[in-house]
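Residues per chain, in single letters:
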Amino acid sequence: MRSNFMKTILLVILSFLMSMPVAMAANGETGTVKGMQGVSPTKGTIVTVSGTYSPNIGMNAIDRNLNTVWNAGDYKGTIQFVFPEKISLNFIQIAAYSNPKSNNYYTIYGLKNGNWTAITSKVTRYVEATVTITDPIEVTPGVYEGIKIVVDGGYSWAHINELTIGITNTTDNSIKDLKADAGDSQATLSWGAVENAESYTVKFGTESGKHTETATATKDAYGNFVIPGLTNGTKYYFVVSAKVNGVDSEYSNEASATPQGGGGQTDPGQPSGNHAILVVTMTTSLEKEFDLSMKEVNDFIAWYEGKQAGSGSASYAINKHDNHKGPFSNRKDYMLYDRILTFEVSEYSK
């Protein structure tokens, strides 16, 4: 009797200790699991579980051994992994078995700034009575401090044989030095280049923290990206994120600028060093020629590049100045972005 009582006490203590947070062992370097996508969480990952059916501890879920298992000791359970440093990831993959075979259900949470947020809805995976490598579960791409998995085993105890994660980048690629300079009906943004960035996403709006408009900048536009078509006298707020390996970074610091009018445009009737001939070739092979100030030419180029990057209006009005005839006060030629084949700028000499 006493012997059985002592065994029971030891099992209770062991179960409690196994549910406490533990660090990944020294042999737990990041590695792969045969047949699974992604990699195991990195060395130093802290594992915490809601419960354990001894000896099926939480560490078994990331030991790269499909024959070991974490078992919650119940039909539902939670296991969480806190990484030693932030990780950019876009999916997880789970290996499990179910006795009897049935659907298992998973909800994934990501840890950011100390807060857990759902990064998937409740996901269903069918699990056989033998170890089953389920299809990867896509999560909201981002940089996370950890992940938590709520497991519903259906007709089987909640458990995971092995977990791998899709790491896209282990570096925090967020932009921290965004600057905005105001112009006439536009703002010019600049920020530090992010290594291996594929593109940048610019979001902006007229209220701090509320960025309702979106523009895409190419990977080389970080030093001088123009947002055209803004309202003079209105303050705009901007943030930027970088896309690396298909994953968007956290947004940058918020920068602001208030576009102001330039006091009117000069009529370019007399050629001088601040004027140019703009020749626009349409997709129909028709050429349109305009004698404009360099400011007007640069405004046209800013609109075109902005539209090419995904922002701005579909058309652009070019003032024809002294080219107008008849009783008209002015005439404008509206250029449609998707009808422009190419354009050429010939600047007058000084």
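One numbering rule holds for all chains: residues counted from 1, following each sequence as written. In keeping with the predicted nature of the model, local features appear solely for residues at pLDDT of at least 70, side-chain atom pairs appear and are counted solely at 80 or more, and the whole-chain, interface and lining totals rest on all residues. To obtain the side-chain values, all non-hydrogen atoms of the structure were used and water was disregarded.

1. Focus: the overall build of the chain
Applicable threshold: Put simply, DSSP marks the helices as runs of H or I at least four residues long and the strands as runs of E at least two long, and each gets a number from the N terminus on. Whether a residue is buried, partly exposed or exposed follows from its accessible area with a 1.4 Å probe, protein chains only, as a fraction of its type maximum: under 20%, in between, or over 50%, in that order. Here a residue-residue contact requires only that any non-hydrogen atoms of the pair lie within 4.5 Å. Areas reported as accessible are Shrake-Rupley estimates using a 1.4 Å probe. Residue values count occlusion only from the protein chains shown.
Counting secondary structure elements, the chain contains 2 helices and 24 strands. Counting the 350 residues in the chain, one finds 43% classified as buried. Restricting to contacts in the chain with at least 6 residues of sequence separation, those with at least 24 account for 66%. By element, 50% of the accessible surface of the chain is carried by carbon and sulfur atoms, the whole surface being about 18100 Å².

2. Quick word on the confidence of the model for the chain
Low pLDDT means the predicted atomic positions in that stretch should not be read closely. Rules: One confidence number per residue, pLDDT, is output by the predictor and ranges from 0 to 100.
Mean pLDDT for the chain: 82, with 83% of residues reaching 70 or above. Averaged pLDDT values over the elements of the chain bottom out at 34 in strand S1 (residues 22–23) and peak at 96 in strand S8 (residues 132–133). Ignoring residues within four places in sequence, the model shows residues 10–28, a span with pLDDT below 50, making 36 contacts including any to other chains. The low-confidence segment residues 263–272 (pLDDT under 50) makes 18 contacts with residues lying over four places distant or belonging to another chain.

3. Structural notes on the packing of aromatic side chains
Selection criterion: For Phe, Tyr and Trp, where Trp contributes only its six-membered ring, two rings pair if their centres lie within 6.5 Å, and the inter-plane angle classes them as stacked under 30 degrees, edge-to-face over 60, or tilted in between. For a Lys NZ or an Arg CZ to count as sitting over a ring, it must be within 6 Å of the ring centre and within 35 degrees of the ring normal.
All chains considered together, the criterion is met by 12 aromatic pairs. Ring geometry for Trp303 against Tyr304: centres 6.3 Å apart, planes inclined by 65°, an arrangement best described as edge-to-face. Note on Trp303: relative accessible area 3%, which makes it buried. A cation over a ring is seen here: Lys112 above Tyr144, with NZ or CZ 5.0 Å from the ring centre. In this structure, Lys148 packs its charged tip against the face of Tyr109, placed 5.3 Å from the ring centre.

4. Regarding the sheet that holds strand S24 (residues 340–347)
Selection rule: Strands were regarded as paired on the criterion that DSSP finds at least two bridges between them. Between the N-to-C directions of two axes lies an angle of 0 to 180 degrees, each axis being a line fitted to C-alpha atoms and, for a helix, fitted only over the stretch in contact.
Spatial strand order, S21-S20-S24: 3 strands in an open sheet with antiparallel pairing. Each edge of the sheet is formed by a strand with only one pairing partner; in this case those strands are strand S21 (287–293) and S24. Across the sheet, the mean angle from the axis of one strand to that of its neighbour is 20°, orientation sign disregarded. When strand S20 (residues 275–282) meets S21, the two strands line up antiparallel, connected through 7 bridges. Its bridge partner lying in S21, Thr281 is registered against Glu287.

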